[in-house]
Amino acid sequence: MSQSPLMPVYPPSPANFVEGRGVELFDDKGNRYLDFVAGIATNCLGHASPILVDALTKQANKLWHVSNSYQTELQKTLAEKWTSVTFADVVFFTNSGTEAIEACLKTARKYHFEKGKPEKIDIIGFDGAFHGRSYGGINAAANPNYLHGFGPALPGFKQCKFGDLDALKAMIDEKTAGIILEPIQGEGGCRAATDEYLKGIRELCDANDILLIYDEVQSGAGRSGKLFAHEWSGVTPDIMAAAKGIGGGFPMGACLATEKAAVGMVKGVHGSTFGGNPLAMAVGHAVFGEITKPEFLENVNAMANSIAQAFEGLKDTYPELIEEVRGKGLLRGIKLTIDPQIVRTKAFNNGLLVAVAGGNVLRVVPPLIITQDDVSEAVAILDKALAETREELKNK
Ligand SMILES: Cc1ncc(COP(=O)(O)O)c(C=O)c1O
């Protein structure tokens, strides 16, 4: 095969997927796979959801794009919907998670600038975090693997140990503008912040006029069993990034903020050509309509319990391979004692897509519409993949 002209930043694909339906994917050879990756926690309604296909095709026949020089009702009404169900008063739509993060970081710094404290620019992030691949995103997460080779780290970013409130307290000073964290770390290995930890961070923010920024790009849109994962704790942020699931597979993100936090985000200070584009908004309305139905989240919680139980069962069966079961809702991780790629590949060869995350974690982020049959099939395949791994290790 001739060399691909694609920039080789991703590993080669084990299959060429050509079609998806619900939780199923099909490659160009007609092989069927059960998709427990969902475009990395994105296709919340599964592949080719008739509701989303209908919304997108109807809009495609009407209006694609006008730019934000001419804001559409579609954008305003979707912002009204999201603010009606969250802490937020205002929304800025983007095309991706990392752009939503950029908008969050700029909103936080601008708040302090408007308040006459331009020296307050520092954003504190945490180890194991992932906030996307923009310069702001990689500096906020400060993962050395993603910063390496891209010049000096940007000023105004600090990194603290995740889960350590005392370390955070010690790091805060008069330059601290914001604290950014994922209520459940996705890429970092499905690590959920405890309610007490979030409460403690909120108190530190309130006491020091620091803005609390949640990155719910992966944990939001119903994935945790609530619309946003922080709702489990009741601790709200000042600013929040959402993406992935809110577009159900159509590129879309959002920065949500309180009116107070967004005080500096006035005409001309930020923008995007495509953010809030009519196609994305039409899909966004359809996604919102589905994921805000009570029965939708009921299914997420029921399936999450079923998966958690089944994974604990696997842990009992394979104690030498599985250390811990982690996560919340349908953002689940199995911490392995070995490289998770080994099990991931075996699962793939048996027809199941799963992802990996930091710290030897096998990550499972299926569409949120999965059924008990899907869970049973996925667990059976994982069981087989683990059994094959055990056998292979025995023979080494
Ligand atoms: C928590 C979190 N933040 C930000 C991002 C970046 O989103 P995107 O890839 O859409 O830019 C991701 C993507 O995986 C994510 O998981």
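Note that the structure is predicted; figures quoted are calculated from it, not measured.

Engineer: Can you help me understand the overall build of the chain in this one?
Structural biologist: When its secondary structure is counted, the chain shows 12 helices and 17 strands. For the chain, whose C-alpha radius of gyration is 21 Å, the value lies close to the compact-globule estimate of 21 Å for 396 residues. Projected onto its principal axes, the C-alpha coordinates of the chain cover approximately 65 × 55 × 50 Å. Taken across its 396 residues, the chain has 52% of its residues classed as buried. Pairs at least 24 residues apart make up 73% of the contacts formed inside the chain by residues separated by at least 6 positions.

Engineer: Would you mind showing me how to read the pairing of strand 3 (residues 32-35) here?
Structural biologist: If a strand is regular, its side chains alternate between the two faces of the sheet. Of the strand pairs in this sheet, strand 2 (residues 24-27) and strand 3 are connected by 3 bridges, and their pairing is antiparallel. Each bridged residue has a counterpart across the sheet, and for Leu 25 the counterpart in strand 3 is Tyr 33. Turn length for the strand 2-strand 3 hairpin, with the two strands adjacent in sequence and antiparallel, is 4 residues, and the turn residue Gly 30 shows positive phi of about 85°. Pairing of strand 3 with strand 15 (residues 352-353) involves 2 bridges; the strand directions are parallel. Bridge pairing in strand 15 places Asp 35 opposite Leu 353.

Engineer: Could you clarify how one ought to interpret helix 9 (residues 278-291) in this entry?
Structural biologist: Three or four residues apart is the spacing at which side chains of an α-helix point the same way, because the helix has 3.6 residues per turn. For helix 9, spanning 14 residues, the distance from its first C-alpha to its last is 20 Å, which sits close to the expected 20 Å at 1.5 Å a residue. Burial of helix 9 is extensive: 13 of the 14 residues sit out of reach of the surface. Capping the start of helix 9, Asn 277 holds a side-chain oxygen 2.7 Å from the backbone nitrogen of Leu 279, two or three residues further along.

Engineer: Would you explain unusual backbone geometry in this entry?
Structural biologist: With the exception of glycine, the majority of residues adopt a negative phi angle, and the majority of peptide bonds are in the trans configuration. Positive phi, close to 50°, is recorded for Ala 38, a residue that is not glycine. Residue classification places Ala 38 among the buried residues on the basis of a relative accessible area of 0%. Phi is positive for Asn 360, which is not a glycine, with a value near 60°. Position of Asn 360 among the secondary structure elements: in the loop between strand 16 (355-357) and strand 17 (361-364).

Engineer: Is there a simple way to explain the sheet that holds strand 1 (residues 17-21) in this structure?
Structural biologist: Within a sheet, each strand pairs with its neighbour through backbone hydrogen bonds, oriented either parallel or antiparallel. Spatial strand order, 1-2-3-15: 4 strands in an open sheet with mixed pairing. At either end of the open sheet lies a strand with only one pairing partner, and these are strand 1 and strand 15. Taken together, the 4 bridges between strand 1 and strand 2 define a ladder with antiparallel strand orientation. Within the sheet, the bridge partner assigned to Gly 20 lies in strand 2 and is Leu 25. Contacts between helix 12 (residues 372-394) and the sheet are confined to strand 3 and strand 15, with strand 3 contributing the most and set at about 105° to the helix.

Engineer: I keep staring at the domain arrangement of the chain and nothing clicks. Help me out?
Structural biologist: Domains assigned within the chain are domain 1 (17-49 + 294-394) and domain 2 (63-291). Once you take the C-alpha centre of each, domain 1 and domain 2 turn out to be 27 Å apart. Taken together, the contact pairs 26 residues of domain 1 with 24 residues of domain 2. Both sides of the domain 1 and domain 2 interface together cover about 2,100 Å² of buried area, and 60% of this is carbon and sulfur. For domain 1, the biggest contributors to the area lost against domain 2 are Leu 297, Lys 328 and Leu 331; these three give 29% of the whole. Our count for the domain 1 to domain 2 interface comes out at 1 salt bridge. Inspection of the region where domain 1 meets domain 2 yields 9 residue pairs in polar contact (both at pLDDT 80 or more). Secondary-structure elements contributing two or more residues to the side of domain 1 that touches domain 2 are helix 1 (38-41), helix 10 (294-317), strand 13 (322-328), strand 14 (331-336) and strand 17. With 4 residues, the top contributor of residues to the side of domain 1 that touches domain 2 is helix 10. Classifying every residue of the side of domain 1 that touches domain 2 by side-chain character gives 15 nonpolar, 7 polar and 4 charged.

Engineer: Explain the environment of Pro 367 here, please?
Structural biologist: Mapped onto the elements of the fold, Pro 367 is located in the loop between strand 17 and helix 12. Sequence-distant contacts of Pro 367, defined by excluding residues within four places in its chain, comprise Gly 22, Val 23, Asp 35, Ala 38, Asn 43, Cys 44, Gly 46, Arg 223 and Leu 330.

Engineer: Which parts of the structure should I look at to understand the state of the cysteines?
Structural biologist: Covalent bonding between the sulfur atoms of two cysteines defines a disulfide. Overall, the coordinates contain 0 disulfides when judged by the stated rule. No disulfide involves Cys 44; its sulfur sits 18 Å from the nearest other cysteine sulfur, which is in Cys 190. Free of any disulfide, Cys 160 has its nearest neighbouring cysteine sulfur in Cys 205, separated by 12 Å.

Criteria and thresholds
Residues numbered from 1 in each chain as written. Predicted model: local features only at pLDDT ≥ 70, side-chain atom pairs only at ≥ 80, totals over all residues. Heavy atoms only, no water. Helix = DSSP H or I, 4+ residues; strand = E, 2+ residues; numbered from the N terminus. Rg over C-alpha atoms; globule rule 2.2 N^0.38 Å. Buried < 20%, exposed > 50% of the residue type's maximum accessible area, 1.4 Å probe, protein only. Contact = heavy atoms within 4.5 Å. Pairing = 2+ DSSP bridges. Expected span 1.5 Å × (residues − 1). Polar contact = N/O pair within 3.5 Å; in protein donor to acceptor, adjacent residues only side chain to side chain. Axes fitted to C-alpha atoms, helices over the stretch in contact; angles between N-to-C directions. Domains from an automatic or database assignment. Buried area = accessible area lost by both parts, 1.4 Å probe. Salt bridge = Lys/Arg side-chain N within 4 Å of Asp/Glu carboxyl O. Nonpolar A, V, L, I, M, F, W, Y, C, P; charged D, E, K, R; others polar. Disulfide = S-S within 2.5 Å.

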